[in-house]
Amino acid sequence: MTKKQVKIILKWVLLAILFSVLALILWNQICKHIDAKLLPNAYGQAVDVDGKKMVVDIQGEEHETTIILLPGAASPSPVLEFLPLAKALSENYRVVTMEPFGYGLSDGADTDRDMDTVVEELHECVSAMGYDRYFLMAHSLSGLYSLYWANTYPEEVLGFIGIDCSVPGQNEENPYPIPISAINKISAYLQKTRNILGISRVLSIGNPQRVIPADFSYDYSEEQLKIYRTLALDCSYNQTVLNEQDRFDAHLATVAELKFPKNLPVLQFVASANCEVMAAWEQLHKDVITENMYSQVIRMEGGHYLHFVKKTEIAETVAKWIAFLPGKGEPALF
């Protein structure tokens with residue numbers, strides 16, 4: 001085969017690949033346009049915050065004690081991701097699952113995603129709903145927001161519950177060769193690229209588990225899975241969320257010297273998998289606690305998404321813990 005023939009073959013191969021990529025992108029955009037019809041008012045209720053829509057979902061509204069549930073970074077649908085846990089908790093509490101701007105069905109925001117802005121937006125939403133005394137419950141990144149929130153509004157926060165949440169100092173204990181923020185950023189942009197190219201859509205055909213973080217032991221309806229998949233494929237890693245990812249190191253710096261307020265009870269669930277990767281993971285969660293009689297750090301077997309595999313244990317432990325807080329009984333020694 002001559003060099004000229006090789007060049008011709010390579011040319012046609014490259015053209016075929018380019019055509020396939022463009023066709024996949026076009027197909028993906030058509031599907032995205034069709035799927036958009038699923039999203040308006042798909043779940044929850046909208047709250048006006050600074051002229052934009054922030055969506056929340058309330059389970060167990062009949063109860064007096066309120067838990068404000070905050071998601072981890074870039075959750076495609078906090079309401080659907082945390083629905084199994086919220087349902088379990090709602091047997092005893094009013095559980096308000098928040099979708100920050102850029103998440104789920106909430107509007108995006110072009111404001112800087114600095115710590116104060118994000119917390120103020122979330123707090124304004126909670127205030128607009130009429131809640132002025134509540135527990136904060138957070139997964140992953142929202143642990144940093146909760147730490148800042150509890151110090152900004154200590155008269156409102158009754159206690160904090162963390163689900164393998166981010167904590168000050170974790171960047172200094174990083175076991176990886178590059179910063180955690182860089183790992184998160186690379187992962188985010190890779191996923192966004194997969195979504196744009198339509199690769200994620202192809203992989204999820206007949207198997208939404210490949211693109212949505214969810215507790216599949218929970219009996220999601222077919223409609224809920226369609227909505228969740230659509231949000232993951234078409235709305236996640238938008239500019240608001242990517243801007244938030246860029247602020248991760250700044251968030252850690254903002255709360256670097258903070259601890260939870262004096263006398264605030266704290267219940268931290270930490271994942272054994274992360275404890276094995278980072279030797280100081282459990283200790284870092286203890287370091288932010290100032291109240292010792294009613295606070296505890298509990299190590300659970302599992303990975304970062306403990307609320308998928310341990311929702312029943314988490315709900316039962318939270319109920320026992322809250323029942324024994326000051327004014328309700330003896331210290332929670334468990």
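Above this note sits the structure.
The notes below deal with the structure included here.

The rules we used
Here the residue numbers are simple positions, counted from 1 along each chain's written sequence. Confidence filtering applies because this is a predicted model: local features only for residues at pLDDT of at least 70, side-chain atom pairs given and counted only at 80 or more, and all residues used for totals across whole chains, interfaces and linings. With hydrogens and water stripped out, all remaining heavy atoms of the structure feed into the side-chain values. Going along the chain from the N terminus, every DSSP run of H or I of four or more residues is numbered as a helix, and every run of E of two or more is numbered as a strand. Buried, partly exposed and exposed residues are distinguished by accessible area as a fraction of the type maximum, computed with a 1.4 Å probe on protein chains only: under 20%, between the cut-offs, and over 50%, respectively. An expected span of 1.5 Å times one less than the residue number is assigned to each helix. It is the directions from the helix axis to the C-beta atoms whose arc is reported. What makes two residues a contact is simply this: any of their non-hydrogen atoms within 4.5 Å. The rule for pairing is simple: two strands pair if DSSP sees at least two bridges between them. Lines fitted to the C-alpha atoms define the axes, with helices restricted to the stretch that makes contact. Angles between their N-to-C directions range from 0 to 180 degrees. The scheme is simple: roughly parallel for angles under 35 degrees, roughly antiparallel for over 145, roughly perpendicular for 65 to 115, oblique for anything else. Here a crossing is called left-handed whenever its near helix is offset anticlockwise from the far helix by less than a right angle, and right-handed whenever the offset is clockwise. Classification convention: Asp, Glu, Lys, Arg as charged; Ala, Val, Leu, Ile, Met, Phe, Trp, Tyr, Cys, Pro as nonpolar; all other residues, Gly among them, as polar. A patch consists of residues whose relative accessible area exceeds 30% and which take part in no salt bridge; residues with like charges are grouped when within 9 Å of each other, and nonpolar side chains (Val, Leu, Ile, Met, Phe, Trp, Tyr) when within 5 Å. The method behind every accessible area is Shrake-Rupley, applied with a 1.4 Å probe, and residues are considered shielded solely by the protein chains displayed. Within this document, salt bridges are pairs made up of a side-chain nitrogen of Lys or Arg and a carboxyl oxygen of Asp or Glu, the two lying within 4 Å of each other. Working definition: rings of Phe, Tyr and Trp (its six-membered ring) pair if their centres are within 6.5 Å, and the pair is stacked with planes under 30 degrees apart, edge-to-face with planes over 60 apart, and tilted otherwise. Consider the ring centre and the ring normal. A charge sits over the ring if Lys NZ or Arg CZ is within 6 Å of that centre and within 35 degrees of that normal.

### Brief notes about unusual backbone geometry
Although it is not a glycine, Asp50 adopts a positive phi angle of roughly 55°. By the secondary structure assignment, Asp50 is in the loop between strand S1 (45–49) and strand S2 (52–59). We note that Tyr237 has phi near 55°; this positive angle belongs to a residue other than glycine. Relative to the elements of secondary structure, Tyr237 occurs in the loop between helix H8 (222–234) and helix H9 (239–246). In this structure Tyr237 comes out as buried when scored by relative accessible area, which is 16%.

### Concerning helix H6 (residues 180–197)
Helix length check: H6 (18 residues) gives 26 Å between terminal C-alpha atoms against 26 Å at 1.5 Å per residue, within 8%. All of the buried residues in H6 are Ile180, Ser181, Ala188 and Asn195. Buried residues in H6, looked at end-on, bunch into an arc of 100°, giving them a common side. In this structure, the buried residues of H6 make contact with helix H1 (3–35), helix H7 (199–204), H8, H9 and helix H10 (248–254). Residue Gly198 follows H6 closely and has a positive phi angle near 90°.

### Things to note about the sheet that holds strand S7 (residues 266–271)
Strands sit in the order S1-S2-S4-S3-S5-S6-S7-S8 across an open sheet of eight strands; the sheet is mixed. The open sheet has two edge strands, S1 and strand S8 (296–300), and neither has a second partner. Going across the sheet, the axis of each strand differs from the next one's by a mean of 25°, ignoring polarity. Direction of pairing for strand S5 (residues 134–139) relative to strand S6 (residues 157–163): parallel, over a ladder of six bridges. Bridge assignment links Met137 to a residue of S6, and that residue is Ile161. Against the sheet, helix H5 (residues 142–152) engages strand S3 (66–70), S5 and S6, with an angle of about 155° to S5. In this fold helix H14 (residues 311–323) packs onto S3, S5, S6, S7 and S8, with an angle of close to 160° to the strand it touches most, S7.

### Structural notes on the packing of H6 against H9
At a minimum axis distance of 9 Å, the contact between H6 and H9 shows a crossing angle of 160°. The orientation of H6 relative to H9 falls into the category roughly antiparallel. Of the two elements, H6 crosses H9, and the hand of that crossing is left-handed. Of the residues in H9, those touching H6 at Asn184, Lys185, Ala188, Tyr189 and Lys192 are Leu242, Gln245 and Asp246. Along the lines of polarity and charge, the residues of the contact of H6 with H9 split into three nonpolar, two polar and three charged.

### Side note on a nonpolar patch on the surface
A cluster of nonpolar residues, Met1, Val6, Ile9, Leu10, Val13, Leu14, Ile17 and Val21, forms a patch on the protein surface that exposes about 750 Å² of accessible area. Position of Met1 relative to the elements: it lies in the segment before H1.

### So, the pairing of S3
With five of five residues buried, S3 is to be regarded as a mostly interior element. Side chains of S3 alternate between two faces, with Thr66, Ile68 and Leu70 and Ile67 and Leu69 buried alike. In terms of strand pairing, S3 meets strand S4 (residues 94–99) through four bridges, oriented parallel. Each residue of the ladder has a partner; that of Ile67, found in S4, is Val95. Sheet topology note: the S3/S5 ladder contains four bridges and is parallel. Of the residues in S5, the one forming a bridge with Ile67 is Phe135.

### Looking at the packing of aromatic side chains
One pass over the full model with this rule turns up six aromatic pairs. Judged by centre distance (4.7 Å) and plane angle (25°), the ring pair of Phe160 and Phe260 falls under stacked. Note that Phe160 is positioned in strand S6 and Phe260 in the loop between H10 and S7, a separation of 100 residues in sequence. Taken together, Tyr218, Tyr220 and Tyr228 form an aromatic cluster joined through their ring pairs. It is Lys52 that lies over the ring of Phe101; its NZ or CZ is 5.1 Å from the centre.

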